[in-house]
Amino acid sequence: MPAFVLVHSPSVGPATWAAVADRLPGSAVPDLTGVADAGPPFWPSAAEIVAAAIAQLPAEAPVVLVPHSNAGLFLPAIVAASPRPVAACVFADASLPDRDGPTPVADAEGLAFLRERVGDDGRLPPWTHWFDEAEVAPMFPDAGTRRLIEDEQPRLPLAYYEQRLPVPGGWDQRPCAYLKFSEPYDGDAAEAAGRGWPVEVVPGAHLHQVVDPDAVAAAIDRLGARLVA
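Please read all numbers here as calculations on a predicted model, not as lab measurements.

Caption draft 1: Layout of the nonpolar core. Among the nonpolar cores identified, the biggest contains 56 residues, and V5, V50, L65, F91 and Y161 are the most heavily contacted of them. Residues in contact with L65, not counting those within four places in the same chain, are V5, V50, I54, L75, I78, V79, V86, A88, C89 and V90. Membership of the second largest hydrophobic core comes to 21 residues, among which are V66, A92, V216 and A217.

Shown next, in the form of structure tokens:
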């Protein structure tokens, strides 16, 4: 059976994957909430934390990385830092890295949006505070889950989004798939299909893994088994 490493975006915390991890025995959820405090460049810290989690997995289990949101951009660095071969990757409503060359964390439009919100200390408000309540509320199944996830959100520095992440060659020379939840990731899902990857859709908002962990865990399990078969 695959060992799934569920990688949350550094914009949120491991609670976003907790319910899915409960449904995937033997999975790991590295905690990247401290990446912002490592200072630039931020990507080595993220890669090292995930590599340490991979090192603790059973030696006989194929490793399947499952990044969510902008954690997808860290995948090439994580694959390169892994202490053992990564068997497959399943991008869950995640940004895709470029095939080669440095990948920006945010494009010019995204940086303009963020610069309007940055504080005097150079840090941004917690992620869910960037948007209107009408956009945020549907992402959570209940008030308790929302409170749990919001309480662990870090305030990332603007510099985190200004970084360009390295893309070591060969990171995608392993089976990959895409699991789409929300419309903003239509382009990434289409790009994944264009790369010849399997694409599945479990319709929902961007944090659908906390709303319907049963469906999301089943899709990840199904895709992972297909990729490592």
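Caption draft 2: Here's a closer look at the sheet that holds strand β6 (residues 176–180). Ordered in space as β1-β2-β3-β6-β7, the five strands form an open sheet in which the pairing is parallel. Of all the strands in the sheet, the pair left with one neighbour each is β1 (3–7) and β7 (199–201). Across the sheet, the mean angle separating the axes of adjacent strands is 20° when strand polarity is ignored. One ladder, built from five bridges, connects strand β2 (residues 63–69) with strand β3 (residues 86–94); its direction is parallel. Each residue of the ladder has a partner; that of S69, found in β3, is A94. In the packing of helix α1 (residues 15–23) onto the sheet, the strands contacted are β1, β2 and β3, and the crossing angle to β1 comes to about 165°. In the packing of helix α10 (residues 213–228) onto the sheet, the strands contacted are β1, β2, β3, β6 and β7, and the crossing angle to β6 comes to about 165°.

Caption draft 3: Structural view of α10. For α10, built from 16 residues, the straight-helix expectation of 22 Å at 1.5 Å per residue is met to within 8% by its first-to-last C-alpha distance of 22 Å. Buried within α10 are the following residues: P213, V216, A217, A219, I220, L223, G224 and L227. Along the axis of α10, the buried positions cluster into a sector of 160°, meaning they face one direction only.

Caption draft 4: Quick look at the environment of D186. Secondary-structure assignment places D186 in helix α8 (residues 186–194). A residue is classified by how much of its surface remains accessible, and D186, at 38% relative accessible area, is partly exposed.

Caption draft 5: Spotlight on the pattern of salt bridges. For the structure on display, the rule yields ten salt bridges. Among the salt bridges present, the one from R117 reaches E116, with a minimum N-O distance of 3.5 Å. Taking the relative accessible area as the measure of exposure, R117 reaches 28% and is therefore partly exposed. A relative accessible area of 64% means that E116 is categorised as exposed. We note a salt bridge from E133 to R146, for which the minimum N-O separation is 2.7 Å. With E133 in helix α5 (residues 133–136) and R146 in helix α6 (residues 143–151), this pair connects stretches of sequence that are 13 residues apart. Assessed through its relative accessible area of 46%, E133 is described here as partly exposed.

Calculation rules
Residues numbered from 1 in each chain as written. Predicted model: local features only at pLDDT ≥ 70, side-chain atom pairs only at ≥ 80, totals over all residues. Heavy atoms only, no water. Core = buried A, V, L, I, M, F, W, Y, C linked by side-chain atoms within 4.5 Å. Buried < 20%, exposed > 50% of the residue type's maximum accessible area, 1.4 Å probe, protein only. Contact = heavy atoms within 4.5 Å. Pairing = 2+ DSSP bridges. Helix = DSSP H or I, 4+ residues; strand = E, 2+ residues; numbered from the N terminus. Axes fitted to C-alpha atoms, helices over the stretch in contact; angles between N-to-C directions. Expected span 1.5 Å × (residues − 1). Arc of directions from axis to C-beta. Salt bridge = Lys/Arg side-chain N within 4 Å of Asp/Glu carboxyl O.

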